[in-house]
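# A structural walkthrough
Chain residues, written in single-letter form:
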Amino acid sequence: MEIQVVGSKLMARIAVVTGGTRGIGAAISVALKDAGYNVAASYGGNDEAANKFKGETGIAVYKWDVGDFEACQAGVAQIEADLGPIDVLVNNAGITRDGTLHRMSVENWAAVISTNLNSLFNMTRLVIEGMRERGFGRIISISSVNGQKGQFGQSNYAAAKSGAIGFTKAVAQENAAKGITANVVSPGYIGTEMVRAVPEDVLNAKILPLIPVGRLGEPEEIARCVTFLASEDAGFITGSTLSANGGQYMA
Ligand code: CAA
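Residues numbered from 1 in each chain as written. Predicted model: local features only at pLDDT ≥ 70, side-chain atom pairs only at ≥ 80, totals over all residues. Heavy atoms only, no water.

## Quick word on the nonpolar core
- Core analysis: the biggest nonpolar cluster contains 27 residues, and Ile28, Leu32, Val90 and Val185 have the highest contact counts within it.
- Considering every element that reaches this core, the biggest residue donor is helix H9 (residues 219–230), with six residues.
- If we skip the residues at most four places from it in the chain, Val185 touches Ile140, Ser141, Ile142, Ser143, Ile222, Cys225, Val226, Leu229 and Leu242.
- Formed by 22 residues, the second largest nonpolar core is a distinct cluster that contains Val16, Cys72, Ile79 and Ala93. (Core = buried A, V, L, I, M, F, W, Y, C linked by side-chain atoms within 4.5 Å. Buried < 20%, exposed > 50% of the residue type's maximum accessible area, 1.4 Å probe, protein only. Helix = DSSP H or I, 4+ residues; strand = E, 2+ residues; numbered from the N terminus. Contact = heavy atoms within 4.5 Å.)

See the structure below:
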């Protein structure tokens, strides 16, 4: 169980998972809870899914736009008031607006950069000072195989997910001496709504044949990577990218 000694008390560490009520994020929230963390899951808009998740798991949910700095400020302040200082931040929230660049709108570029990359600045900026003061922190950002290798139809998403890797390496260097690690988990194609939204013919003809393991990944397989990187045991790992993609891309 991930606990810390505060004064004479043993306290559960506090973890925030953005986009933590659906898909990979929901699996991460549950895995962290099962590992003994006190978890808060943020979500962007789907109240029905968030309420169902809360009912099924007992995990606290908070609604705000992770691409909006002021909304993040309010969200983080609320979580810290409810649960306490944040020890583990999982930057998981992400969207796709797939399309080839020659047809991509400014809005579809901006929406993906805002949710998938600006959010990393917003959220990490808001927790990093407290982590530095307390001498402990775990920042784990979810990238993608498509940020590592590029992907037809995803110039926006690949740019954001690749950005997460550079961001993490810089944050890792700046905070290594303060007990804070920053790492990336880079999933391949996982069987979530996001991947199931890819046209079936494209998925079957262009993507599945490229996965040597021969199947989509499970959200829990990504959650286990996150739980490991969040643990005390992973204190010597920082600035790294843990790829979990069924062998699709070996970086
Ligand atoms: N590689 C090479 N060629 C491809 C291709 C690919 N991956 N995908 C499509 N094409 C080709 C098609 O075969 C087609 O060629 P022809 O005209 O010769 O038949 C041409 O490109 C146009 O394809 P579409 O008819 O699909 O064009 P579209 O404009 O309707 O859609 C698209 C384009 C939106 C990019 C669509 O192909 C698509 O959604 N592709 C999937 C993109 C993808 O993999 N997204 C990942 C989402 S999951 C995720 O992001 C999670 C994660 O982290 C992994």
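## Comments concerning the sheet that holds strand S5 (residues 60–63)
- The strand order across the open sheet formed by seven strands is S5-S4-S3-S6-S7-S8-S9, and the pairing between neighbours is parallel. Edge positions in the sheet fall to S5 and strand S9 (241–244), since each of these pairs with one other strand and no more. Pairwise comparison of adjacent strand axes, ignoring direction, gives a mean angle of 20 degrees for this sheet.
- Together, strand S3 (14–17), strand S4 (38–43), strand S6 (88–91), strand S7 (137–142) and strand S8 (180–187) form the strand contacts of helix H1 (residues 23–34), whose direction differs from that of S3 by roughly 170 degrees. (Pairing = 2+ DSSP bridges. Axes fitted to C-alpha atoms, helices over the stretch in contact; angles between N-to-C directions.)

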